[in-house]
Amino acid sequence: MPASDEVDRIVDAWCRERPDLNFAPLQVLSRVGRLAKHLDRARRTAFSRSELESWEFDVLSALRRAGTPYELSPKLLLQQTLVTSGTMTNRIDRLVERDLVTRRTDPHDGRGILVGMTQGGLTRVDAAITRLVDAEAELLATLSASEQAHLAGLLRKLSLDFD
């Protein structure tokens, strides 16, 4: 284990100033917060190198994960990206303008719409996910594969109540 980090110094100072409180949660969640900032930076870099914003990646990656022909209804996109319908409509419009997605009538439901990824969208999202996986692997490089699996399990357990 490393000798100490910035969170250790912060918690030690709080313990000195407020010995009546249990600062154990800060030992975990302050580190998670600090790591989230590094992850956010790595993601923004990976996406910008593919000329995508984070929200564009979210929509395009949902389409990519759907498999060929890379189409979903706006409702399914909403479920996967956790935004409002107005926000999704705006996002789809902007992606259509950038020629990253198309919008067409669902052939099985004349009232429904399907959003499909263009070749340009596919090229960008594939480049972005490759860069993202590489950047995230670099962030985790100090942990062994078994440590990463253990940490993933603990974080999954912690996040189940939030999903």
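Residues numbered from 1 in each chain as written. Predicted model: local features only at pLDDT ≥ 70, side-chain atom pairs only at ≥ 80, totals over all residues. Heavy atoms only, no water.

Under an unreviewed UniProt entry, the protein chain has the name DNA-binding MarR family transcriptional regulator and belongs to Glaciibacter psychrotolerans.

1. Quick word on the overall build of the protein chain
Where we set the bar: By the criteria applied, helices consist of DSSP H or I runs no shorter than four residues and strands consist of E runs no shorter than two, each listed in order from the N terminus. Each radius of gyration reported is based on C-alpha atoms, and the globular scaling rule is 2.2 Å times the count of residues to the power 0.38. Residue burial is assigned from relative accessible area. The probe radius is 1.4 Å, only protein chains are included, and a residue is buried under 20% of its type maximum, exposed over 50%, and partly exposed in between. Here, two residues are considered to be in contact whenever any of their heavy atoms come within 4.5 Å of each other. The protein chains shown are the only cover counted for residues, whose accessible areas, like all others here, come from Shrake-Rupley with a 1.4 Å probe.
What the protein chain contains, in helices and strands, is 7 helices and 3 strands. In sequence order, the protein chain lays out its α and β elements as α-α-α-β-α-α-β-β-α-α. Taking 163 residues into account, the globule formula puts the C-alpha radius of gyration at 15 Å, and the protein chain, at 21 Å, lies well above it. By its C-alpha atoms, the protein chain is 65 × 30 × 25 Å across when sized along the principal axes. For the protein chain, the proportion of its 163 residues judged to be buried stands at 25%. For the protein chain, contacts bridging at least 24 residues in sequence account for 50% of all contacts bridging at least 6. Carbon and sulfur atoms make up 56% of the accessible area of the protein chain, which totals about 11,300 Å².

2. Quick look at the packing of helix H3 (residues 54–65) against helix H5 (residues 85–97)
Definition in use: Each axis is a line fitted through C-alpha atoms, and for a helix only the stretch in contact is used; angles between axes span 0 to 180 degrees, taken between their N-to-C directions. Orientation labels follow simple angle bins: below 35 degrees gives roughly parallel, above 145 gives roughly antiparallel, 65 to 115 gives roughly perpendicular, and whatever is left gives oblique. Under the convention adopted here, Pro, Cys and the residues Ala, Val, Leu, Ile, Met, Phe, Trp and Tyr are nonpolar, Asp, Glu, Lys and Arg are charged, and Gly plus all remaining residues are polar.
Interaxial distance between H3 and H5 falls to 11 Å at its minimum, and their mutual angle equals 90°. On the basis of their axis angle, the class for H3 and H5 is roughly perpendicular. Mapping the contact onto sequence places Trp-55, Glu-56 and Val-59 in H3 and Met-88, Arg-91, Arg-94 and Leu-95 in H5. Along the lines of polarity and charge, the residues of the contact of H3 with H5 split into 4 nonpolar, no polar and 3 charged.

3. Observations regarding H5
Put simply, the rule reads: To estimate the expected span of a helix, count its residues, drop one, and scale the result by 1.5 Å. Taken from the helix axis, the directions to the C-beta atoms give the arc we talk about.
Its 13 residues place the ends of H5 18 Å apart at the C-alpha level, agreeing with the 18 Å of an ideal helix rising 1.5 Å per residue. Those residues of H5 that sit buried are Met-88, Arg-91, Ile-92 and Leu-95. Take H5 and look down its axis: the buried residues cluster within an arc of 100°, on one side only. In this structure, the buried side of H5 is in contact with H3, helix H4 (74–81), strand S2 (101–106) and strand S3 (109–117). Just beyond H5, the residue with positive phi is Asp-99, at close to 60°.

4. Notes on the sheet that holds S2
Inclusion rule: At least two DSSP bridges between two strands are needed for those strands to be called paired.
With antiparallel pairing, the 3 strands of this open sheet are ordered in space as S1-S3-S2. Of all the strands in the sheet, the pair left with one neighbour each is strand S1 (71–72) and S2. When S1 meets S3, the two strands line up antiparallel, connected through 2 bridges. From the neighbouring strand, Leu-72 faces S3, where its bridge partner is Val-115. Sheet strands in contact with H3 are S1, S2 and S3, and its direction is about 105° off that of S3.

5. As for the pattern of salt bridges
For clarity, the cut-off: Each reported salt bridge corresponds to a side-chain nitrogen of Lys or Arg within 4 Å of a carboxyl oxygen of Asp or Glu.
This structure, assessed with the given rule, holds 13 salt bridges. Across the pair Arg-31 and Asp-8 runs a salt bridge, and its minimum N-O distance is 2.8 Å. With Arg-31 in helix H2 (residues 24–49) and Asp-8 in helix H1 (residues 6–17), the pair connects residues that are 23 residues apart, well separated along the chain. For Arg-31, a relative accessible area of 23% gives the class partly exposed. Here Arg-18 ties to Asp-20 by a salt bridge, and the two come within 2.7 Å at their closest N and O atoms. Given a relative accessible area of 54%, Asp-20 falls into the exposed group. Shared partners join several salt bridges into a network, and the residues in it are Asp-5, Asp-8 and Arg-31.

6. Concerning the side chain of Ser-50
One can find Ser-50 in the loop between H2 and H3. Since its relative accessible area comes to 5%, Ser-50 is described here as buried. When residues no more than four places from it in sequence are discounted, the contact partners of Ser-50 are Arg-124, Ala-127, Ala-128 and Arg-131.

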